[in-house]
Amino acid sequence: MATLDIKLPEIGEGVTEGELVNWLVKVGDTVKVDQPIVEIMTDKATVEIPSHTAGTVKDLKFNPGDMMAVDSVIMVLETSGAAQAAPKPEKKEAPKAAAASPQKAPTSNGHVGATGGAIQPPVASSHVLATPSTRRLARESSVDINALSGTGLAGRVTRDDVLNARGGGSNGGMEMVRPAATQTPRPAFKSNQAALEERVPMRGIRKKIAENMQLYKQIIPHFSLMDEVDVTSLVKMRESLKADAEKMGI
């Protein structure tokens, strides 16, 4: 008998991590090739991950609610010599461009320009935990996301990490101002109807929606105030003072 580590495969383009929703097997279960073993939720969808090898479940590395990075070991299978693995699709290499062709590189604003004067931010490693939007912000800001120490859950690189590394630069001419984090612990919520309540943890898409709604609640104005003022007399006064102002060089 031999053991085999089962890793989390690439779930989709730009997806580098997922949240474990539910194990579809338990320790001691016999797993067949292509049998779904776990449900993973990303900020895009919930998917079932199949096993590419037959065997017996020996160990489960994560618990429901944990964040798992792509290519991390999620399960250990005990296999025999007769265990058959599902054939993996062959990767086709993209044709290489001719040597005489001018290379293009993304500039800091996301456009493509000549290599000579373009900014080429480093390509983010698939082992760096970050959302697609954070990776895009790093590319547009010319920040090497591989060199950042993530302050998010499970070491995830957040937008704040990129903005801090950028040095507080402008974002399209307007810098996003986030409320300062407070270290004061929040008081525990006490309900007089606890026996009638059922608390369900927010995960995946629901959790991401809640985080964004809370952020927008903090940084977006709740209302706009507009006033109308009759400045007719003020305009007339300004016109009458123009001649005197010109004599004074104003």
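Model, not experiment: these values are computed from the prediction. (Residues numbered from 1 in each chain as written. Predicted model: local features only at pLDDT ≥ 70, side-chain atom pairs only at ≥ 80, totals over all residues. Heavy atoms only, no water.)

Student: Please give an account of the sheet that holds strand β8 (residues 73-79) that cites residues and values.
Tutor: Pairing between the strands of a sheet comes from backbone hydrogen bonds, and it takes one of two forms, parallel or antiparallel. Taken together, four strands build an open sheet; the order of strands is β1-β8-β6-β3 and the sheet is antiparallel. At either margin of the open sheet sits one strand with a lone partner, and together these are β1 (2-7) and β3 (30-31). As paired strands, β1 and β8 are joined by six bridges and run antiparallel to one another. Across the sheet, the residue bridging to I6 is M75, located in β8. (Pairing = 2+ DSSP bridges. Helix = DSSP H or I, 4+ residues; strand = E, 2+ residues; numbered from the N terminus.)

Student: Break down the nonpolar core for me, citing the residues and quoting the values.
Tutor: Core analysis: the biggest nonpolar cluster contains 16 residues, and I37, V38, M68, I74 and M75 have the highest contact counts within it. Listed by contribution, the elements that provide at least two residues to this core are β2 (17-23), β4 (36-41) and β8. Not counting the four nearest positions on each side in its chain, M68 is found in contact with L8, T16, E17, G18, L20, I40, F62 and I74. Judged by nonpolar contacts, the second largest core, of nine residues, contains A130, V143, I145 and L163. (Core = buried A, V, L, I, M, F, W, Y, C linked by side-chain atoms within 4.5 Å. Buried < 20%, exposed > 50% of the residue type's maximum accessible area, 1.4 Å probe, protein only. Contact = heavy atoms within 4.5 Å.)

Student: I'd like a rundown of the pairing of strand β5 (residues 46-50), residues and numbers included.
Tutor: Where β4 and β5 come together, five bridges link them in antiparallel fashion. In the sheet register, V38 faces β5, and the bridge partner there is I49. In sequence, β4 turns back onto β5 through a hairpin of four residues.

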